[in-house]
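Overview (structure and organization)
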Amino acid sequence: MKKYLIVMAALLFAGFSSAQSPEAYALYKSNGKKANYEKMIKKMNEADVVLFGELHNNSICHWMQLQVSQNIFGEDSVLTMGAEMFESDNQLIMDEYLSDRIKQSNFEKEMRMWDNYKTDYKPLVEFAKSKGIRFVASNVPRRYAALVNMGGLDALNDLSDEAKKFLPPLPVPFDTLAPNYDEMMNMRMGGHGMGNMLNMVQAQAI
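Within any chain, residue numbers begin from 1 and follow the written order of that chain's sequence. Since the coordinates come from a predicted model, pLDDT governs what is reported: local features require at least 70, and pairs of side-chain atoms require 80 or more to be given and counted, while whole-chain, interface and lining totals use all residues. Calculated side-chain values reflect all of the structure's heavy atoms, with hydrogen atoms and water omitted.

1. Side note on unusual backbone geometry
The condition is simple: Think of it this way: any DSSP run of H or I at least four residues long counts as a helix, any run of E at least two long counts as a strand, and we number them from the N terminus. Summary of the burial criterion: residues with accessible area below 20% of their type's maximum are buried, those above 50% are exposed, and those between are partly exposed, where the area comes from a 1.4 Å probe applied to protein chains only.
Of note, the amide linkage connecting L170 to P171 takes the cis form, showing an omega dihedral of 0 degrees. For D100, which is not glycine, the phi torsion reads 65 degrees and is therefore positive. Considering the arrangement of structural elements, one finds D100 in the loop between helix 3 (91-98) and helix 4 (104-110). The exposure class of D100 is exposed, given its relative accessible area of 58%. One non-glycine residue with positive phi stands out, namely R112, at about 55 degrees. Mapped onto the elements, R112 comes out in the loop between helix 4 and helix 5 (117-131). Residue R112 is classed as partly exposed on the basis of its relative accessible area of 30%.

2. Brief notes about the packing of aromatic side chains
To be explicit about the condition: Aromatic contacts are taken between Phe, Tyr and Trp rings whose centres are within 6.5 Å, Trp giving its six-membered ring; a plane angle under 30 degrees counts as stacked, one over 60 as edge-to-face, and the others as tilted. Only when the NZ atom of a Lys or the CZ atom of an Arg is both within 6 Å of the ring centre and within 35 degrees of the ring normal do we say a charge sits over the ring.
Here the structure, examined in full by the defined rule, presents seven aromatic pairs. Between F86 and Y117 the ring centres are 6.2 Å apart and the planes differ by 75 degrees, which places this aromatic pair in the edge-to-face class. You can see F86 sitting in strand 5 (residues 79-87) and its partner Y117 sitting in helix 5, a full 31 residues away along the chain. For Y117, a relative accessible area of 2% gives the class buried. Ring plane angle 10 degrees and centroid distance 4.3 Å describe the contact between Y97 and F107, whose orientation is recorded as stacked. With Y97 in helix 3 and F107 in helix 4, this pair connects stretches of sequence that are ten residues apart. A residue is classified by how much of its surface remains accessible, and F107, at 0% relative accessible area, is buried. Among the aromatic residues, ring-to-ring pairing joins F86, Y97, F107, Y117 and F135 into one connected group. Lying over the aromatic face of Y97, K129 brings its terminal NZ or CZ to 5.0 Å of the ring centre.

3. Notes on the pairing of strand 5
What counts, and what does not: Strand pairing is assigned whenever DSSP detects at least two bridges linking the two strands.
In terms of burial, strand 5 is largely enclosed, as eight of its nine residues are buried. Pairing of strand 5 with strand 6 (residues 134-139), which is carried by five bridges, proceeds in the parallel orientation. Counterpart to G82 in the pairing with strand 6 is V136.

4. Describing the packing of helix 1 (residues 37-45) against helix 2 (residues 59-75)
As a reminder, the rule being used: To obtain an axis, a line is fitted to C-alpha atoms, over the contacting stretch when the element is a helix, and the angle between two such axes runs from 0 to 180 degrees between their N-to-C directions. Each angle receives one of four descriptions, namely roughly parallel if under 35 degrees, roughly antiparallel if over 145, roughly perpendicular if within 65 to 115, and oblique otherwise. Each crossing gets its handedness from the near helix: less than a right angle anticlockwise from the far helix is left-handed, clockwise is right-handed. In what follows, residue pairs with any heavy atoms lying within 4.5 Å of each other are defined as contacts. Side-chain classes follow a simple rule in which Ala, Val, Leu, Ile, Met, Phe, Trp, Tyr, Cys and Pro form the nonpolar group, Asp, Glu, Lys and Arg form the charged group, and the remainder, Gly included, forms the polar group.
Between helix 1 and helix 2, the least distance of the axes is 10 Å, while the angle of their chain directions is 60 degrees. The angle between the axes of helix 1 and helix 2 places the two elements in the oblique class. The handedness of the crossing between helix 1 and helix 2 is right-handed. Where helix 1 approaches helix 2, its residues Y37, M40, I41, M44 and N45 are matched on the opposing element by M64, Q67, V68, N71, I72 and E75. A class-by-class count of the residues in the contact of helix 1 with helix 2 yields seven nonpolar, three polar and one charged.

5. Overview of a positive patch on the surface
The cut-off we apply is this: For patch building, the residue pool is restricted to those with more than 30% relative accessible area and no salt bridge; the joining distance is 9 Å between like charges and 5 Å between nonpolar side chains (Val, Leu, Ile, Met, Phe, Trp, Tyr). Here the Shrake-Rupley method, with its probe set to 1.4 Å, supplies the accessible areas, and only the displayed protein chains count as covering residues. Here, a salt bridge means any Lys or Arg side-chain nitrogen found within 4 Å of an Asp or Glu carboxyl oxygen. For the purpose of counting charges, residues Lys and Arg are taken to be positive, whereas Asp and Glu are taken to be negative. His and the chain ends are not included. Here the site of a charge means NZ on Lys, CZ on Arg, CG on Asp, or CD on Glu.
A surface patch of like charges, here positive, comprises K29, K33, K39 and K43. Relative to the elements of secondary structure, K39 occurs in helix 1. Of the residues examined, K39 reaches a relative accessible area of 64% and is grouped as exposed.

6. Things to note about the confidence of the model for the protein chain
Applied cut-off: Residue-level confidence of the predictor is what pLDDT reports, using numbers from 0 through 100.
Within the protein chain, residue pLDDT values average 86, and 85% of them lie at 70 or more. Scored below 50 in pLDDT, residues 8-19 makes 31 contacts in the model with residues more than four places away or belonging to other chains.

Written as structure tokens, this is what we have:
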């Protein structure tokens, strides 16, 4: 059965220990009990899709993503990876780099990298490259997120068929009562009316 490791953006279940003997991380289950790493990997390997939450500027999160990716690949060599930091209109550049068709310098210059790419995301890409693993640029182009921020999800309908190739199928499912979106909708931010707040949340969702 095909395995997918999709690296997304949410909140990781890793924390820091305050014990006298410091540890870099600790894993917890949803019930607050400590999790066993080996059992976690086994459970992940039984799944078709793994969504890995992260804090974008937390290097421990990215280190753990690499460990998990390596262990899942070791258990079952059928693996596809993906990351939110890469935008879908750059998939061709990603594919060309992974297949050694373009130089690393061109890849890193043209991919619109985040500032922490080299320290936090590059190890994931290089691991995928070394093992021949497909790596999906899973985010929408930021210009379309900005479009939603201005005009809501309906603004996507006016894009060309070519542009829509870089988006999920329209209409995009959106539930304002989903936990994180509900919290964002209820925030009171100075200078933003409810209409603008809805657009901001939809832009986050896209």
